[in-house]
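Report on the structure
Read off the chains here:
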Amino acid sequence: MMDTASATGVLHPYWPRDLLIPTYVANDRSMSEILVFLFSVSGVFLLVTWLITGRKGATGRLGTWRRLAVCWFAVCGFIHGVIEGWFSLYYDIIPGDQRFLSQLWKEYSKGDSRYVIADNFTVCMETVTAWLWGPFSFWAVFAFLANKPYRFVLQLIISLGQLYGAVLYFFTEHRDGYSHSELGHPIYFWFYFVFMNVLWIVIPLMLIVDAWRQLSAAQTHTDNTKSHKSKRN
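What comes next concerns the included structure. Model, not experiment: these values are computed from the prediction.

Helices and strands together make up the secondary structure of the protein chain, namely six helices and two strands. Dimensions along the principal axes, computed over C-alpha positions, put the protein chain at roughly 85 × 35 × 30 Å. Counting all 233 residues of the protein chain, 42% fall into the buried class. Across the protein chain, the fraction of contacts at a sequence separation of at least 24, relative to all contacts at a separation of at least 6, is 65%. Total accessible area computed for the protein chain in this model is approximately 12500 Å², and 66% of it derives from carbon and sulfur atoms. Across the protein chain, the mean location of the 19 positive side-chain charges is 22 Å away from that of the 16 negative side-chain charges.

With that out of the way, let us pick up the packing of aromatic side chains. The full count for this structure, using the stated rule, is 29 aromatic pairs. Between Tyr108 and Tyr192 the ring centres are 6.2 Å apart and the planes differ by 25°, which places this aromatic pair in the stacked class. Taken together, the residues Tyr108 in helix 3 (residues 100-108) and Tyr192 in helix 6 (residues 188-232) connect sequence positions 84 residues apart. Judged by relative accessible area, which is 1%, Tyr192 ranks as buried. Where Phe189 meets Trp190, the ring centres are 5.0 Å apart and the plane angle is 85°; that geometry is what we call edge-to-face. Taking relative accessible area as the criterion, Trp190 reaches 48% and is therefore assigned partly exposed. One cation-aromatic arrangement involves Arg99 over Tyr90; the distance from NZ or CZ to the ring centre is 4.8 Å. For the cation-ring pair, Arg114 lies above Tyr169, with the distance from its terminal atom to the ring centre recorded as 4.8 Å.

The next point concerns unusual backbone geometry. Glycine aside, residues mostly have negative phi angles, and peptide bonds mostly take the trans form. In this structure, Pro16 follows Trp15 across a cis peptide bond, with omega equal to -5°. By the element assignment, Pro16 lies in the loop between strand 2 (11-12) and helix 1 (31-53). With a phi angle near 55°, Ala118 is a residue other than glycine that sits in the positive phi range. Looking at the element boundaries, Ala118 is found in the loop between helix 3 and helix 4 (120-145).

End to end, helix 2 (residues 64-90) covers 38 Å across 27 residues, agreeing with the expected 39 Å (1.5 Å per residue, within 8%). Along its length, helix 2 shows its largest kink, about 35°, at Glu84. Taken across its 27 residues, helix 2 has 20 buried, putting it largely inside the fold.

Time to look at the nonpolar core. The nonpolar side chains of a soluble globular protein tend to be buried with one another. Core analysis: the biggest nonpolar cluster contains 45 residues, and Phe73, Ile83, Trp105, Tyr115 and Tyr169 have the highest contact counts within it. Elements represented by at least two residues in this core include exactly helix 1, helix 2, helix 3, helix 4, helix 5 (151-175) and helix 6. By residue number, the principal contributor to this core is helix 2, which donates 12 residues. In this view, Ile83 contacts Phe37, Leu38, Phe78, Leu101, Leu104 and Trp105; residues no more than four positions away in its chain are not counted. In terms of nonpolar packing, the next biggest core, distinct from the first, is built from five residues, Leu19, Ile21, Tyr24 and Val116 among them.

Across the interface, helix 4 lies against helix 5 with an axial gap of 10 Å and an inter-helix angle of 155°. Comparing their axes, helix 5 and helix 4 come out roughly antiparallel. Seen along the crossing, helix 4 lies across helix 5 with a hand that is left-handed. Here Phe121, Met125, Trp133, Phe136, Ser137, Trp139, Ala140, Ala143 and Phe144 of helix 4 lie close against helix 5, whose contacting residues are Arg151, Phe152, Leu154, Gln155, Ile157, Ile158, Gly161, Gln162, Gly165, Leu168, Tyr169 and Thr172. Its residues assigned to classes, the contact of helix 4 with helix 5 comprises 14 nonpolar, six polar and one charged.

Another point: helix 3. Counted residue by residue, helix 3 has eight buried out of nine residues, so it is predominantly covered. Three or more residues of helix 3 are buried, namely Leu101, Ser102, Gln103, Leu104, Trp105, Lys106, Glu107 and Tyr108.

Rules used throughout
- Residues numbered from 1 in each chain as written.
- Predicted model: local features only at pLDDT ≥ 70, side-chain atom pairs only at ≥ 80, totals over all residues.
- Heavy atoms only, no water.
- Helix = DSSP H or I, 4+ residues; strand = E, 2+ residues; numbered from the N terminus.
- Buried < 20%, exposed > 50% of the residue type's maximum accessible area, 1.4 Å probe, protein only.
- Contact = heavy atoms within 4.5 Å.
- Areas by Shrake-Rupley, 256 points an atom, 1.4 Å probe, with all protein chains shown as cover.
- Lys, Arg positive; Asp, Glu negative; His and termini not counted.
- Charge placed at Lys NZ, Arg CZ, Asp CG, Glu CD.
- Phe/Tyr/Trp six-rings, centres within 6.5 Å; stacked < 30°, edge-to-face > 60°.
- Lys NZ or Arg CZ within 6 Å of the ring centre and 35° of its normal.
- Expected span 1.5 Å × (residues − 1).
- Bend = angle between axes of the 7 residues up to and from the residue.
- Core = buried A, V, L, I, M, F, W, Y, C linked by side-chain atoms within 4.5 Å.
- Axes fitted to C-alpha atoms, helices over the stretch in contact; angles between N-to-C directions.
- Parallel < 35°, antiparallel > 145°, perpendicular 65-115°, else oblique.
- Left-handed = near helix turned anticlockwise from the far one by under 90°.
- Nonpolar A, V, L, I, M, F, W, Y, C, P; charged D, E, K, R; others polar.

Pasting the structure below:
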């Protein structure tokens, strides 16, 4: 995709083509550098968490599914807290900023230019995500490792928040006619915009169902215990 000049004469690679970004400075980091960083660090979080969850605790080892869920929350903690946290703090200077995480956001904005123009919905949604679901995700990792009784409550809360944010993210862009990306582009639209965000619909949905089952089973057990006690009395 070629850079195009906005009405101010500033070249940029974003859609729509007439978008005004007067402070924009082109990245000096390549797409491969940025993606390697993102996936490498995410992979480190996943690997370390996988190894930690494989240790035998007081209640035995976690199953494979549960270990993967905890790994998901660890990666979410990094992405929400660090990557999206950066956006929530520096969204107003990202177009002209050359620090690495700002360049990451300028690269991602090729798939959704709302990030490079500090769109109101995007700023609000990412701020909530960064400062709530980031810390809560790390809390969930701790809760599962320590076998805390509230761990599935955390799983449900985080997953509902992630699902709600992702649905609004896609729906608002749908109502805008997918005007902030090159519709159909294999990397910028399908990989950046669709794939990298649909994960926060599919996986949270699975974890919501899982938490529902776990909490329902716990409540059933509590109800049965109370019933037995009342019969004895």
